[in-house]
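Each chain, letter by letter, is given below.
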Amino acid sequence: MTYVLYGVLVIIGLITGTITSLVGASAVTLIVPALSMLFHVDVHTAIGTSLFVDIITSIVVAYNYYRKGHVELKSGLWIAIASVVGAQFGANIANATKGVTLSGLFGILLIFSGFNELHRAKKGTVERKRITFKHEWTEILTAILIGIAIGIISGIFGAGGGVMILLALVIILGFPMHMAVGTSTLIMAITALSSDIGYFRHGHIDFLFGILLAIGAVIGGILGSKYANKINDKVLAKFLDVFFIIIGVIMLIQAFI
């Protein structure tokens, strides 16, 4: 592989890290298609490598959000612990199936959620009321159920679950946008690590590609998170809504190719 291709991988990582820092999204949205189409890497290795990048990038981004007070550790850690269990099931399913139908359904969910939130913004109802629980055990149970579902989807699609986590934190739990992004990246780091264990066992990680991508992703993650923490919550919300729609369309297209 030439130095030009090394540079391309670093640039892809830079873009990925920036996206992760702004919207808490997984590296899978960019890295898997790039490795598959540009470098002819098989899909399972592409997914395993994207998870490897997710782990490193998410830790860096989550730390930057944590420094600004934008990480909810209590709910986040319960979701993360439960997602570890779900991720193992998802990774095993992924190695046996393509998960095309579920991918298409998830794409529809993202598109619907994006348009719904944009509609709410036009009506001036962007702010969501943070959900409160009468009993601590109900909060823990809700977090665990969310975590298991996210973990399964994470393992199937090779995503740290960033987009799904973000949807759950914002729509179900009513997190403010900055808190949702910061918390989702923390959960994504743990979930990605759990998911990648399954891919590592099957030899589906290209560490050379992963390290080069991670170098760019860390740089993009640091720069992007510094900027993201300064963005107004409503502006960030609209940006995320458009992002949901775009990713949803991409997943729908992939489901029918």
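Residues numbered from 1 in each chain as written. Predicted model: local features only at pLDDT ≥ 70, side-chain atom pairs only at ≥ 80, totals over all residues. Heavy atoms only, no water.

(A) Layout of the nonpolar core. Residues I79, I150, L169, L240 and F243 are the most contacted members of the largest nonpolar core, which totals 37 residues. Counting residues per element, the ones that place at least two in this core are α1 (3–23), α3 (43–67), α4 (73–94), α6 (136–157), α7 (162–172), α8 (177–201) and α10 (233–256). Of all the elements, α7 adds the most residues to this core, at eight residues. A27, L35, A46 and A192 belong to the second-largest nonpolar core, a separate cluster that totals 21 residues. (Core = buried A, V, L, I, M, F, W, Y, C linked by side-chain atoms within 4.5 Å. Buried < 20%, exposed > 50% of the residue type's maximum accessible area, 1.4 Å probe, protein only. Helix = DSSP H or I, 4+ residues; strand = E, 2+ residues; numbered from the N terminus.)

(B) Seen up close, α3. With 25 residues, α3 should reach 36 Å at 1.5 Å per residue; the first-to-last C-alpha distance of 36 Å fits that figure. In terms of burial, α3 is largely enclosed, as 18 of its 25 residues are buried. (Expected span 1.5 Å × (residues − 1).)

(C) Geometry of the UniProt feature "transmembrane region" (unreviewed entry) in the chain. Per the UniProt record, the feature "transmembrane region" (unreviewed entry) sits at residues 7–31, 43–65, 77–94, 100–119, 140–159, 165–193, 205–223 and 235–256. The span residues 43–65 is 100% helical and 0% strand by assignment, and the distance between its end C-alpha atoms comes to 31 Å. Annotation note: span residues 165–193, helix share 86%, strand share 0%, distance between end C-alpha atoms 15 Å. (UniProt positions renumbered as here; feature names shortened; annotations may be inferred.)

(D) Region of interest: the packing of α1 against α8. Packing of α1 against α8 brings their axes to within 7 Å, and their N-to-C directions diverge by 125°. One way to sum up the angle between α1 and α8 is to call them oblique. Contacts between α1 and α8 involve T20, S21, L22 and V23 on the former and, on the latter, V181, T185 and M188. Class assignment for the residues of the contact of α1 with α8 results in four nonpolar, three polar and no charged. (Axes fitted to C-alpha atoms, helices over the stretch in contact; angles between N-to-C directions. Parallel < 35°, antiparallel > 145°, perpendicular 65-115°, else oblique. Contact = heavy atoms within 4.5 Å. Nonpolar A, V, L, I, M, F, W, Y, C, P; charged D, E, K, R; others polar.)

(E) Representation of the environment of N64. Mapping N64 onto the fold places it in helix α3. For the pair N64 and G221, spaced 157 residues apart in the sequence, the C-alpha separation amounts to 8.9 Å. Ignoring sequence-local partners within four residues, the contact set of N64 consists of I222, S225 and N229. A polar contact is formed between the side chain of N64 and the backbone oxygen of V60, at a distance of 2.8 Å. (Polar contact = N/O pair within 3.5 Å; in protein donor to acceptor, adjacent residues only side chain to side chain.)

(F) Geometry of unusual backbone geometry. Notably, H40 is not glycine yet its phi reads approximately 55°, a positive angle. Here H40 lies in the loop between α2 (28–38) and α3. For H40, a relative accessible area of 68% puts it in the exposed group.

(G) Representation of a positive patch on the surface. On the surface, a cluster of positive charge is contributed by R67, K68, K226 and K230. If you trace the backbone, R67 turns up in helix α3. By relative accessible area, which is 56% here, R67 ends up exposed. (Patch = residues over 30% accessible without salt bridge, like charges linked within 9 Å, V, L, I, M, F, W, Y side chains within 5 Å. Areas by Shrake-Rupley, 256 points an atom, 1.4 Å probe, with all protein chains shown as cover. Salt bridge = Lys/Arg side-chain N within 4 Å of Asp/Glu carboxyl O. Lys, Arg positive; Asp, Glu negative; His and termini not counted. Charge placed at Lys NZ, Arg CZ, Asp CG, Glu CD.)

(H) Spotlight on a nonpolar patch on the surface. There is a patch of nonpolar side chains on the surface, built from L14, F200, F207, I211, I215, I219 and L223 and spanning about 660 Å² of accessible area. When you line up the elements, L223 lands in helix α9 (residues 207–228). Here L223 falls in the exposed class, since its relative accessible area comes to 55%.

(I) Structural view of the packing of α3 against α9. Where α3 meets α9, the closest approach of the two axes is 8 Å, and the angle between their N-to-C directions is 25°. When the axes of α3 and α9 are compared, the pair comes out roughly parallel. As α3 runs across α9, the sense of the crossing is right-handed. Of α9, the residues touching α3 (which contributes T49, F52, V53, I56, T57, V60, V61, N64 and Y65) are F207, F209, G210, I211, L213, A214, A217, V218, G221, I222, S225 and A228. Looking at side-chain class alone, the contact of α3 with α9 contains 15 nonpolar, six polar and no charged residues. (Left-handed = near helix turned anticlockwise from the far one by under 90°.)

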